[in-house]
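Residue-level listing of the chains:
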Amino acid sequence: MNAQKIAEKPKSKNLIQGGTGDWEVIIGLEVHAQVASNSKLFSGSSTGFGAPPNSHVSLVDAAMPGMLPVINRECVAQAIRTGLGLKAQINTRSVFDRKNYFYPDLPQGYQISQYKQPIVGEGSVEITVDGETLTIGVERLHLEQDAGKSLHDQHPDYSYVDLNRSGVALMEIVSKPDLRSSKQAQAYVTKLRSILRYLGTSDGDMDKGNLRADVNVSVRKPGDKLGTRCEIKNVNSIRFIGQAIEYEARRQIDILEEGGTIDQETRLFDAAKNETRSMRSKEEAHDYRYFPDPDLLPLEFTDAYVDELRSGLPELPDEKRARFMTSFGLSAYDADVLVAERSSADYFEKVAEGRDGKVAANWVINELFGRLNKEGKSIDESPVSAAQLGAIVDLIGSNAISGKIAKDLFEIVWTEDGDPAEIVEKRGMKQVTDTGAIEKAVDAIIAANPEKVEQAKAKPSMLGWFVGQVMKSTGGKANPAAVNDILKSKLGI
């Protein structure tokens, strides 16, 4: 009997090569997102950013004796909306606990959080990395209050404490250890932030600290049991998340390959040195001495309340992406680009309404986004409105202007504003569609270049040179299709 060749299992592209073979990195993320609300989780203090230090601090936030927390109804609603957006289990009964630890910017000496009974249970986030679609599990989402901020660079001998953030509502969204590369982790946080922004439950502004991640990293030989994990605290940039994972995975692999062991610890990422460094040994749940907060009753609400919130949810990125591909015939790539931010998707829909979706997408992605990126502007700061860009697309569709003229027109609208149709009319930018006029221009070019004519007859690809000359002689106004047709007829190509 002939020996049958057994196909080898394809090697995972996410494995990291070490001196003793391949390693697999296991990543779990704890993302802290500031809840979009006007006041804090348990007090009426403002959550406004950029106020003078300690100006948004109530007696509750400062933990004055006898002050009792009162739950913010809108923060609860925002957490439920987020859970629904993550296709997660909503728990109609949850409990607030005290997480006990000491730090100068934590006035109470404990943080009000949720431990065993969170407001949101298991859910999922779908990501696409290198053409592969993955479903990343979400373990839970719970509400908790933020701590204040310690400032160590204000005085050579003292540290200062700003309690403006103290008591601000956070949603801690804990993933399952389903991520296997830095790219996957970055894609997960990017997608999660997009969902939060669509829902309006958090602005996800990482520069302001409104979205930050604790990154849990461990490594193992493929198929082995999970290794010892290290937690990298408070990483506030998607780029830094990737860099921290890459460094930490390699650090752990090097230690293990040299015969060492990994200490379970909390580490910090130093962006300047592109490395992680030890902060403290990793605490376990028992170190915090969790117990139900005696000042707060269990949080209870009805299924009807959840259904009411569900009915008000917007169309989310995945659904919008599928609709754009079906309704407008867009590629997966173009749809992904357009739905990444809700404001971008809304802008595109206004441009595409009643028009060719592919042409609209091309102008929004290539011309508009390209110019916005070049000038460091957001879609909300665009000098060209959706109505103006739509009008440019209309002028192209009606053959009033060519693609080249359209780009010149876009530049004028960007820098000077104005109605595109009026600009075309007043500045004589209309495309020449009169075949007689185009034929006259073609004849002139042919007559002036007899050598090129002979070359074109032998080599038809020379047609492009003639098209360029005709367009140049007509100031780019000649209809390109008409130019091509007339040239082919005259040259016998």
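The preceding data block contains the structure.
Residues numbered from 1 in each chain as written. Predicted model: local features only at pLDDT ≥ 70, side-chain atom pairs only at ≥ 80, totals over all residues. Heavy atoms only, no water.

J.: It is not clear to me how helix α12 (residues 435–448) should be interpreted in this structure. Could you clarify?
T.: Because each turn of an α-helix spans 3.6 residues, side chains separated by three or four positions in sequence point in the same direction. Its 14 residues place the ends of α12 20 Å apart at the C-alpha level, agreeing with the 20 Å of an ideal helix rising 1.5 Å per residue. All buried positions along α12 are accounted for by Ile-438, Ala-441, Val-442, Ile-445 and Ile-446. Down the axis of α12, the smallest arc covering the buried residues is 135 degrees, so these residues share one side. For α12, exposure combined with an orientation more than 90 degrees from the buried face picks out Lys-440, Ala-447 and Ala-448. (Helix = DSSP H or I, 4+ residues; strand = E, 2+ residues; numbered from the N terminus. Expected span 1.5 Å × (residues − 1). Buried < 20%, exposed > 50% of the residue type's maximum accessible area, 1.4 Å probe, protein only. Arc of directions from axis to C-beta.)

J.: In this structure, what is going on with the packing of helix α5 (residues 317–328) against helix α7 (residues 342–352)? I would like to understand it.
T.: A packed helix pair is summarised by two numbers, namely the angle formed by the two axes and the spacing between the axes. α7 packs onto α5 with a crossing angle of 15 degrees between their chain directions and a minimal axis gap of 12 Å. Here α7 runs roughly parallel to α5, going by the angle between their axes. In the crossing of α5 with α7, the sense of the turn from one axis to the other is left-handed. Side by side, α5 and α7 meet where Lys-320, Arg-323, Phe-324 and Phe-328 of the first sit next to Ala-345, Asp-346, Phe-348, Glu-349 and Ala-352 of the second. In terms of residue class, the contact of α5 with α7 is built from five nonpolar, no polar and four charged. (Axes fitted to C-alpha atoms, helices over the stretch in contact; angles between N-to-C directions. Parallel < 35°, antiparallel > 145°, perpendicular 65-115°, else oblique. Left-handed = near helix turned anticlockwise from the far one by under 90°. Contact = heavy atoms within 4.5 Å. Nonpolar A, V, L, I, M, F, W, Y, C, P; charged D, E, K, R; others polar.)

J.: Mind showing me how you'd approach the pattern of salt bridges here?
T.: Opposite charge on two side chains makes pairing possible when the charged atoms of those side chains draw close. In this structure the tally under the stated criterion is 32 salt bridges. In this structure, the salt-bridge partner of Arg-212 is Asp-146, at a minimum N-O distance of 3.0 Å. Residue Arg-212 is found in strand β11 (residues 211–220), and its partner Asp-146 is found in the loop between β7 (132–145) and β8 (149–151); the two are separated by 66 residues along the sequence. The exposure class of Asp-146 is buried, given its relative accessible area of 8%. Residue Glu-315 is joined to Lys-320 by a salt bridge in which the shortest nitrogen-to-oxygen separation is 3.0 Å. On the accessibility criterion, Glu-315 (30% relative accessible area) is partly exposed. A relative accessible area of 5% means that Lys-320 is categorised as buried. When salt bridges with common partners are traced through the structure, they connect Glu-248, Arg-251, Glu-265 and Arg-267 into a single cluster. (Salt bridge = Lys/Arg side-chain N within 4 Å of Asp/Glu carboxyl O.)

J.: Would you take a moment to explain the side chain of Thr-47 for this structure?
T.: Here Thr-47 shows up in the loop between β2 (21–34) and α1 (73–85). Given a relative accessible area of 16%, Thr-47 falls into the buried group. Within the structure, Thr-47 has its side chain in polar contact with the backbone oxygen of Ser-37 (distance 2.6 Å). Beyond its immediate sequence surroundings of up to four residues, Thr-47 is in contact with Gln-34, Ser-37, Asn-38, Ser-39, Lys-40 and Val-168. (Polar contact = N/O pair within 3.5 Å; in protein donor to acceptor, adjacent residues only side chain to side chain.)

J.: Would you mind going over a nonpolar patch on the surface with me for this structure?
T.: A contiguous nonpolar patch, built from Leu-59, Met-64 and Met-67 and spanning about 270 Å² of accessible area, is present on the exposed surface. Positionally, Leu-59 belongs in the loop between β2 and α1. Classification of Leu-59 by relative accessible area gives exposed; the value is 51%. (Patch = residues over 30% accessible without salt bridge, like charges linked within 9 Å, V, L, I, M, F, W, Y side chains within 5 Å. Areas by Shrake-Rupley, 256 points an atom, 1.4 Å probe, with all protein chains shown as cover.)

J.: Where do I start with the packing of aromatic side chains in this structure?
T.: A ring pair, where both rings are aromatic, is described by two values, the distance of the centres and the angle of the planes. Applying the stated criterion across every chain yields a total of twelve aromatic pairs. Positioned above the aromatic ring of Tyr-288, the side-chain terminus of Lys-99 is 4.5 Å from the ring centre. Sitting above the plane of the Trp-465 ring, Lys-452 keeps its charged end 5.0 Å from the centroid. (Phe/Tyr/Trp six-rings, centres within 6.5 Å; stacked < 30°, edge-to-face > 60°. Lys NZ or Arg CZ within 6 Å of the ring centre and 35° of its normal.)

J.: Explanation requested: the nonpolar core in the structure shown.
T.: Looking at soluble globular proteins, one finds that nonpolar side chains tend to be buried together. Counting 106 residues, the largest nonpolar core has Ile-80, Ile-119, Tyr-188, Val-215, Phe-348, Leu-368 and Leu-389 as the members making the most contacts within it. If you tally residues by element for this core, the top one is helix α2 (residues 182–199), at nine residues. Those residues in contact with Leu-368 that sit more than four places away from it in its chain are Tyr-347, Trp-363, Ile-379, Ser-382, Val-384, Leu-389, Phe-410 and Trp-414. (Core = buried A, V, L, I, M, F, W, Y, C linked by side-chain atoms within 4.5 Å.)

J.: What is the right way to read the sheet that holds strand β15 (residues 291–292) from this model?
T.: Strand order across the open sheet formed by three strands is β5-β4-β15, with antiparallel pairing between neighbours. A strand with exactly one partner marks an edge of an open sheet, and here the two such strands are β5 (110–113) and β15. (Pairing = 2+ DSSP bridges.)

J.: Explain the pairing of strand β13 (residues 265–270) here, please?
T.: Sheet faces and side chains relate simply in a regular strand, where the side chains alternate between the two faces. The buried fraction of β13 is high, at five of six residues. Sheet topology note: the strand β12 (residues 230–235)/β13 ladder contains three bridges and is parallel. Note on β13: the bridge partner recorded for Glu-231 is Thr-266. For the crossover from β12 across helix α3 (residues 238–257) to β13, the handedness is left-handed. When β13 meets strand β14 (residues 275–281), the two strands line up antiparallel, connected through six bridges. Bridged to Arg-267 within β14 is Ser-278. The hairpin formed by β13 and β14 contains four residues between the paired strands, and Asn-274 there has a positive phi angle of roughly 55 degrees. (Right-handed = clockwise from strand over helix to strand, strands pointing away.)

J.: So what exactly am I meant to see when it comes to the pairing of strand β4 (residues 97–100) here?
T.: With four bridges joining them, β4 and β5 adopt antiparallel strand pairing. Paired with Lys-99 across the two strands is Gln-111, which belongs to β5. Sheet topology note: the β4/β15 ladder contains two bridges and is antiparallel. In the strand pairing of β15, Arg-98 is matched with Phe-291.

J.: Help me understand the packing of helix α14 (residues 463–473) against helix α15 (residues 480–491), please; the structure alone is not making it clear to me.
T.: Between α14 and α15, the least distance of the axes is 10 Å, while the angle of their chain directions is 125 degrees. Classed by the angle they form, the pair α14 and α15 counts as oblique. Of the two possible hands of crossing, α14 and α15 adopt the one that is right-handed. Side by side, α14 and α15 meet where Leu-463, Phe-466, Val-467, Val-470 and Met-471 of the first sit next to Pro-480, Val-483, Asn-484, Leu-487, Lys-488 and Leu-491 of the second.

J.: Mind showing me how you'd approach the environment of Asp-334 here?
T.: Along the chain, the position of Asp-334 falls in helix α6 (residues 332–339). Between the alpha carbons of Asp-334 and Pro-294 there is a distance of 52 Å; along the sequence they are 40 residues apart.

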